Amino acid sequence: MSKNRRSTVNRLSAENVTLAYDQRVIAEHLSVEIPDNSFTVIVGPNACGKSTLLRALSRMLKPSAGRVLLDGQVIQSMPAKKVARTLGLLPQSSIAPDGITVGDLVGRGRYPHQGILRQWSTEDERVVQESMRQTGVAELAERYVDELSGGQRQRVWIAMALAQQTPLLLLDEPTTFLDIQHQIDVLDLCAELHEEQGRTLVAVLHDLNHAARYATHLIALREGQVIAEGAPKDIVTAGLVEEVFGLRCQVIDDPETGTPLVVPAARKARVGAASGAGTGAEKAVATEAS
Amino acid sequence: MKTTNRAVRTPGGLSVRLDVRALTVVLLLLVAALTASVVLIGTGDFPIPAADVLRTLFGEGNAGQEFIVNELRLPRVLVGLLVGASLGLGGALFQSISRNPLGSPDVLGLGQGATAGALTVIVLFSGSANQVAAGALVGGLVTGLAIYVLAWKRGVHGYRLVLVGIGVSAIVTAVNGYLLTKSDIVDAARAVVWMTGSLDGRDWAQVWPLLGLCAVLVPLVLCNARGLRMMEMGDDVSYALGVRVERVRLLLMVAAVLLTASATAAAGPVSFVALTAPQLARRLTRAPGPNLLASLCMGAALLVIADWLSQRAFGAEQLPVGVVTGVLGGAYLLWLLVTERKAGRI
């Protein structure tokens, strides 16, 4: 169900892209628009191409067909540093160099604003302080990144991406490996960045309930195709969850926020249809259909 | 006292960031290398006091000293400094790109490759010293290319580069062994001396090409150092920050191979300088990042000091400098492996 729209006013979009690693095609004729000033969340089962889509949107993966547009220009044709001043990305795999301090790491986010004779301006200094303050890591500035907890470390990486000062920020599974409290913590921070600073955020999330609670715009992917997109309230239904994840469930109102809350059907109810290999709602077998 | 960064800014909006500690280390190493050089020039069958060496270098010595210093010993020391600097810088580049202290030219077999080139010239063609150097250069470059082709698919991953390098190194070592068995006794003796790495008999003819190459490559490398520093955080992060990762990596890798191969061509495969210099430099500066300048100075200082040690300890017999760096570097490598193991990384 790929929608072939003309390029619009939105700053970031993928038009009819085919995404592949070598010969392995992940998605074909995929078109996605990231609404400006939205907190867009991409969801879908494992290997549906959500991280691949994010890589394409951030120009790390060149589409084998179609194009990704940033501010009306093909993203690959733009100067690397110019893209990096417009669009930030927090990838899944990042390495904190040995013996680096928090302040130093966050400072590296200023790279696209610097040059060989503009290595550390007062503006750099100010933005780094500001980014650390927003993410609550200012008091850790002199600490070594290796010494921090997982939650703190993720905040530091987000601070580094913030120091890039980009109106668009892409986050690839920012809550993975964090416990529930720190997951919420990171998502709250994202919501804050979105609401208070008007940044456009795009995140890949695993937890559908987190996505439904925090996203203003949801994109549901399956096998490289957009199954549905729109506000969580409008699109998250039991039918959609079953279509996308192959999981029978109920969708109720979240008692805290009123957003859709997905409650997987009890094992007994699902066993009727096929074998319920049920560990973890999202990983439930996608093959069964009833 | 963890952050020693200072920014120097001009009213025009230009700014340079300096790590005070790293800068101090660089200056001290430079002083150490130059002091050792002066001492080394004064060392030999005809000892010259350091003050006389300096006077001669500034053109005020007597004729005899001038000949010994300017014609015999100065070029040798300069070759030592340049070779050490090239190996230190080349090693720092390789280790930073592979994000692995073992990803250095010694382990990757670049030295072995250069040796194969030199041996081919010595054994099969009984070539002149210059031809041997050219053979070594070609051998090093070909090995670098082979490693590039075999290990490069979609970026370098630390251990794959190291493992491919070890494999290449093993094959080339076998070829070298075969070449040695085919050689007559005179060629074999010459080959073995070359293979230990020595500064004996190096003259101005070796200095100029090395100096020229360094004059081009060192500034080129330093201009790209900021990108390399970002690449330590992983390819994805550096892409996101606007580093042209593939371009920077290719450029720096070519520079590193050229530096290492030309150093080897000039002095033979001086072992372990490329491995140890960057690690020692990093421990002194305590700064994250590739520590390029500090590694360069450390390499130069290490090589000249090792050369002085080998002359001092063995006098007229003149142990090749590669033996000393090999012993020191080997001990260091063992220590590194033990501590890495304790840190759970190997």
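Here is what the cut-offs are and how they apply
- Residues numbered from 1 in each chain as written.
- Chains lettered and ligands numbered in written order.
- Predicted model: local features only at pLDDT ≥ 70, side-chain atom pairs only at ≥ 80, totals over all residues.
- Helix = DSSP H or I, 4+ residues; strand = E, 2+ residues; numbered from the N terminus.
- Rg over C-alpha atoms; globule rule 2.2 N^0.38 Å.
- Buried ≥ 20, exposed ≤ 12 C-beta atoms within 10 Å, placed from the backbone.
- Pairing = 2+ DSSP bridges.
- Axes fitted to C-alpha atoms, helices over the stretch in contact; angles between N-to-C directions.
- Contact = placed C-beta atoms within 7 Å.
- Nonpolar A, V, L, I, M, F, W, Y, C, P; charged D, E, K, R; others polar.
- Expected span 1.5 Å × (residues − 1).
- pLDDT = per-residue confidence, 0-100.
- Core = buried A, V, L, I, M, F, W, Y, C linked by C-beta atoms within 7 Å.
- Parallel < 35°, antiparallel > 145°, perpendicular 65-115°, else oblique.
- Left-handed = near helix turned anticlockwise from the far one by under 90°.
- Arc of directions from axis to C-beta.

1. With respect to the overall build of chain A
Consideration 1: Of the regular secondary structure elements, chain A holds 10 helices and 12 strands.
Consideration 2: Expected size for 290 residues packed as a compact globule is a radius of gyration near 19 Å; at 20 Å, chain A falls within 12% of this value.
Consideration 3: For the C-alpha atoms alone, the extent of chain A along its principal axes is close to 65 × 40 × 35 Å.

2. What about the overall build of chain B?
Consideration 1: Secondary structure assignment for chain B yields 15 helices and two strands.
Consideration 2: Taken over C-alpha atoms, the radius of gyration comes to 20 Å for chain B, in line with the 20 Å a tight globule of 346 residues would show.
Consideration 3: Considering only C-alpha atoms, chain B reaches an extent of 60 × 50 × 40 Å along its principal axes.
Consideration 4: Counting the 346 residues in chain B, one finds 52% classified as buried.

3. Overview of the sheet that holds strand β3 (residues 39-43) of chain A
Within a beta sheet, neighbouring strands are joined by backbone hydrogen bonds and run either parallel or antiparallel to one another.
All names here are of chain A.
Consideration 1: In space, the six strands of this open sheet follow the order β6-β7-β8-β3-β9-β10, with mixed pairing throughout. The open sheet terminates on both sides in strands that have one partner only, identified here as β6 (87-90) and β10 (225-230). Each neighbouring strand pair of the sheet contributes to a mean axis angle of 15°, computed without reference to strand direction.
Consideration 2: Here strand β7 (residues 168-172) runs beside strand β8 (residues 200-204); their pairing, made up of five bridges, is parallel. The partner of L171 across the bridge, within β8, is A203.

4. Some thoughts on the interface of chain A and chain B
Consideration 1: Between chain A and chain B, the residue contacts involve 30 residues of the former and 25 residues of the latter.
Consideration 2: Where the side of chain A that touches chain B is concerned, the elements lending two or more residues are α2 (80-86), β6 and α3 (102-107) of chain A.
Consideration 3: With four residues, the single largest contributor to the side of chain A that touches chain B is α2(A).
Consideration 4: Partitioning the side of chain A that touches chain B into residue classes produces 14 nonpolar, 10 polar and six charged.

5. With respect to helix α5 (residues 150-163) of chain A
Residue and element names in this part refer to chain A.
Consideration 1: Between its first and last C-alpha, α5 extends 20 Å over 14 residues, near the 20 Å set by a 1.5 Å rise per residue.
Consideration 2: Across the 14 residues of α5, 11 count as buried, placing the element largely inside the fold.
Consideration 3: When we look at burial in α5, the residues that qualify are R153, Q154, R155, V156, W157, I158, A159, M160, A161, L162 and A163.
Consideration 4: Packing partners of the buried residues in α5 comprise β6, α3, α4 (122-134), β7 and α6 (180-197).
Consideration 5: A positive backbone phi angle near 55° is found at Q165, which sits one or two residues after α5.

6. Focus: the confidence of the model for chain B
Consideration 1: Residues at a pLDDT of 70 or more form 94% of chain B, whose mean pLDDT is 87.
Consideration 2: We note a pTM of 0.88 for the whole complex and an ipTM of 0.84 for its interfaces.

7. Looking at the nonpolar core
Consideration 1: Judged by nonpolar contacts, the single largest core of 184 residues is most densely connected at V41(A), L53(A), C297(B), A301(B) and V304(B).
Consideration 2: For this core, the element with the most residues is helix α3 (residues 63-98) of chain B, which contributes 16 residues.
Consideration 3: Discounting chain neighbours no more than four positions away, the residues touching V304(B) are A33(B), A36(B), S37(B), L40(B), V77(B), G80(B), L81(B) and G84(B).

8. A short note on the sheet that holds strand β1 (residues 12-21) of chain A
Residue and element names in this part refer to chain A.
Consideration 1: With antiparallel pairing, the four strands of this open sheet are ordered in space as β2-β1-β4-β5. Each edge of the sheet is formed by a strand with only one pairing partner; in this case those strands are β2 (24-34) and β5 (73-74).
Consideration 2: Strand direction decides the pairing type here: strand β4 (residues 65-70) and β5, joined by two bridges, are antiparallel. Bridge assignment links L69 to a residue of β5, and that residue is V74.
Consideration 3: The sheet contacts of helix α1 (residues 50-57) involve β1, β2 and β4, and relative to β1 the element is tilted by about 120°.

9. Focus: the packing of helix α5 (residues 110-125) of chain B against helix α6 (residues 129-151) of chain B
All names here are of chain B.
Consideration 1: At their nearest, the axes of α5 and α6 sit 6 Å apart, and the two run at 140° to each other. The angle between α5 and α6 falls in the class oblique. As α5 packs across α6, the resulting crossing turns out to be right-handed. Contact residues: α5 offers L110, G113, A114, T115, A116, G117, A118, T120, V121 and I122, while α6 offers Q131, V132, G135, A136, V138, G139, G140, V142, T143 and G144.
Consideration 2: Across the contact of α5 with α6, the residue classes break down as 10 nonpolar, 10 polar and no charged.

10. Brief notes about the packing of helix α1 (residues 20-42) of chain B against helix α14 (residues 292-314) of chain B
All names here are of chain B.
Consideration 1: The interhelical angle for the contact between α1 and α14, taken along N-to-C directions, is 25°, at an axis separation of 8 Å. On the basis of the axis angle, α1 is roughly parallel to α14. For the crossing formed where α1 meets α14, the hand is left-handed. Of α14, the residues touching α1 (which contributes A22, V25, V26, L29, L30, A32, A33, A36, S37, V39 and L40) are L293, A294, C297, M298, A300, A301, V304, I305, D307 and W308.

11. Quick word on the pairing of β6(A)
Residue and element names in this part refer to chain A.
Consideration 1: Burial along β6 is two-sided: L87 and L89 facing one way and G88 and L90 facing the other are all buried.
Consideration 2: Two strands pair when backbone bridges link them, and β6 and β7 are joined in this way by four bridges, in the parallel orientation. By the bridge assignment for β7, L90 is matched with L171.

12. Details of the pairing of β3(A)
Walk down a regular strand and you will see the side chains alternate between the two sheet faces.
All names here are of chain A.
Consideration 1: Most of β3 is tucked away: five of the five residues are buried.
Consideration 2: Residues F39, V41 and V43 line one face of β3 and the alternating positions T40 and I42 line the opposite face, and both faces are buried.
Consideration 3: Bridge count between β3 and β8: four bridges; the pairing is parallel. Its bridge partner lying in β8, F39 is registered against L201.

13. A closer look at unusual backbone geometry
Residue and element names in this part refer to chain A.
Consideration 1: In this structure, H29 is a non-glycine residue whose phi angle is positive, near 50°.
Consideration 2: Although it is not a glycine, E173 adopts a positive phi angle of roughly 45°.
Consideration 3: Take E173: it is sitting in the loop between β7 and α6.

14. Focus on α4(A)
Residues and elements named next belong to chain A.
Consideration 1: For α4, with 13 residues, the first-to-last C-alpha span of 18 Å sits near the 18 Å given by 1.5 Å per residue.
Consideration 2: Those residues of α4 that sit buried are D124, V127, V128, S131 and M132. Considered in projection along α4, the buried side chains sweep an arc of 130° and stay on one side of the axis. Seen from the open side of α4, the exposed residues pointing more than 90 degrees away from its buried face are T122, R126 and R133.
Consideration 3: G136 sits one or two residues past α4 and shows a positive phi near 70°.

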